[in-house]
Amino acid sequence: LSRLDMAGNLLEFRFVPSLIRVERQLTYDQVNETYKEDGLLCETYRLSQLLRRKRIDRGALVLSLPEVAIQISPDSSVSLQMIEQETPSRMMVAELMILYNWMVARFCADHRIPLLYRAQAEPSEKLSIDEAGYCYYVFKQRRKLNPLIIDTQAKPHAGLGVDAYTNASSPIRRYFDLIVQRQIGNFLLKEAPVYDEEGLEKMRMGLDVVLKDLERMKRNRTRYWIQKFLLQHTGDNFRAIVLDAMRNRYRIVLTDLLLVVEMKRQEGQDFSGGQAIVVKIKKSDPWNDLLKVEYAGAG
């Protein structure tokens, strides 16, 4: 339970054992279409905007890009849809999730409840958006980020702009969150913690490896299906932005698919970072993660 004032300042919060009764089940699209006419949703969106502004003022980085949704038709053809992440409904979910996870982390740290926290050190450099555009900025800034870490001590999460953070909002689908819920649940019931700090440290080492493996699998899966899609479009042109110019090749991102690929540097070519170009798909081999593109013109 929490209480915020009209300016989005958190006045108080507390945790109690409770049951949630779902009165409405809304999709992201339904919320986007109706939130302006719904007093509660409209106010939630306004508060979410204020919460984000406060995080940004504390140094948070908003590096959101569309998410690639993969669809496979009965004839095995692949289609892709880019799902925008900066809609009102998704902002509400994201900001309230961050607020909740911060409250859990702060509560457990203040009450000395053994816990697994998420943390991230300040980026090595903070860039600004220039004429190359937002997509180029996001890819370049992400390279400057320090890795996320799991720790048994509360530390700042620079990327989110909070002084403590954990994962607690999805215990049904994430084991990390279930661990956190068990710890805070036992505290509220005045029982001993399910896990002591030594036990959490052992879990931390295992979880760190598993989470990294899962993230790699997710990236590889998405890359595979995008290349399956591009296999259907061999010979077609796609827009791209140059990320890096190297001695014998360029690293580019296909902007409509958010896929990073390398392009062989041809004699006479002299592209710079942020330059928009058009490339042709020459070959796509999803199984071996091989994608060959060549320059097809200015962007």
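Quick caveat: nothing in here was measured; it's all calculated off a predicted structure.

Focus: the overall build of the protein
The secondary structure content of the protein amounts to six helices and 11 strands. Taken over 299 residues, the protein has a buried fraction of 38%. Partitioning the contacts of the protein with sequence separation of at least 6, the portion at a separation of at least 24 is 61%. The protein carries 44 positive and 39 negative side-chain charges, and their two centres are separated by 3 Å.

Focus on the environment of Thr27
Positionally, Thr27 belongs in the loop between β2 (10–13) and α1 (28–34). Overall, the relative accessible area of 43% leaves Thr27 in the partly exposed class. C-alpha separation for the pair Thr27 and Gly297, spaced 270 residues apart in sequence, amounts to 41 Å.

Looking at the nonpolar core
Core analysis: the largest hydrophobic core is formed by 28 residues, its most contacted members being Val104, Cys108, Leu116 and Ile179. When contributions to this core are tallied by element, the ones reaching two or more residues are α3 (88–110), α5 (175–188) and α6 (197–231). Among the elements that take part in this core, α3 stands out by supplying eight residues, more than any other. Aside from chain neighbours lying at most four places away, what touches Val104 is Phe15, Thr166, Ala168, Val180 and Ile184. The next biggest cluster of nonpolar side chains, apart from the first, holds 22 residues, and it includes Val242, Ile252, Leu257 and Val293.

Let's talk about the sheet that holds strand β7 (residues 237–245)
Taken together, five strands build an open sheet; the order of strands is β9-β8-β7-β10-β11 and the sheet is antiparallel. The open sheet has two free edges, formed respectively by β9 (259–264) and β11 (290–298), since each of these has just one partner strand. Between one strand and the next, the sheet's axes are offset by a mean angle of 45°, whatever the strand orientation. Sheet analysis places strand β10 (residues 276–285) next to β11, joined by eight bridges and oriented antiparallel.

Section: the environment of Gln81
Residue placement: Gln81 occurs in strand β4 (residues 78–83). Separated by 39 residues in the primary sequence, Gln81 and Gln120 place their C-alpha atoms 31 Å from one another. Ignoring any residue separated from it by four or fewer positions in sequence, one finds Gln81 in contact with Glu67, Val68, Ala69 and Gln71.

Thoughts on the pairing of β9
Burial of the side chains of β9 is restricted to one face: Leu259, Val261 and Met263 are buried, whereas none of Val260, Glu262 and Lys264 on the reverse face is. For strand β8 (residues 249–254) and β9, the ladder comprises six bridges, and the chain directions are antiparallel. If you follow Tyr250 over to β9, its bridge partner there is Met263.

Things to note about the pattern of salt bridges
Using the criterion set out here, one finds 23 salt bridges in the structure. For Arg239, the salt bridge identified is with Asp256, shortest N-O distance 2.5 Å. Highlighted residues: Arg239 in strand β7 and Asp256 in the loop between β8 and β9, separated in sequence by 17 residues. When salt bridges that share partners are traced, they join Lys140, Arg143, Asp244, Arg249, Arg251 and Glu262 into one network.

Section: unusual backbone geometry
Of note in this structure, Ser76 is not a glycine but carries a positive phi near 75°. Take Ser76: it is sitting in the loop between β3 (67–72) and β4. For Ser76, a relative accessible area of 54% corresponds to the exposed category.

Quick look at helix α4 (residues 134–142)
For α4, the tally of buried residues reaches seven of nine residues, placing the bulk of the element in the interior. Listed as buried for α4 are Cys135, Tyr136, Tyr137, Val138, Phe139, Lys140 and Gln141. Where α4 is buried, its residues contact β7, β8 and β9.

Conventions adopted
- Residues numbered from 1 in each chain as written.
- Predicted model: local features only at pLDDT ≥ 70, side-chain atom pairs only at ≥ 80, totals over all residues.
- Heavy atoms only, no water.
- Helix = DSSP H or I, 4+ residues; strand = E, 2+ residues; numbered from the N terminus.
- Buried < 20%, exposed > 50% of the residue type's maximum accessible area, 1.4 Å probe, protein only.
- Contact = heavy atoms within 4.5 Å.
- Lys, Arg positive; Asp, Glu negative; His and termini not counted.
- Charge placed at Lys NZ, Arg CZ, Asp CG, Glu CD.
- Core = buried A, V, L, I, M, F, W, Y, C linked by side-chain atoms within 4.5 Å.
- Pairing = 2+ DSSP bridges.
- Axes fitted to C-alpha atoms, helices over the stretch in contact; angles between N-to-C directions.
- Salt bridge = Lys/Arg side-chain N within 4 Å of Asp/Glu carboxyl O.

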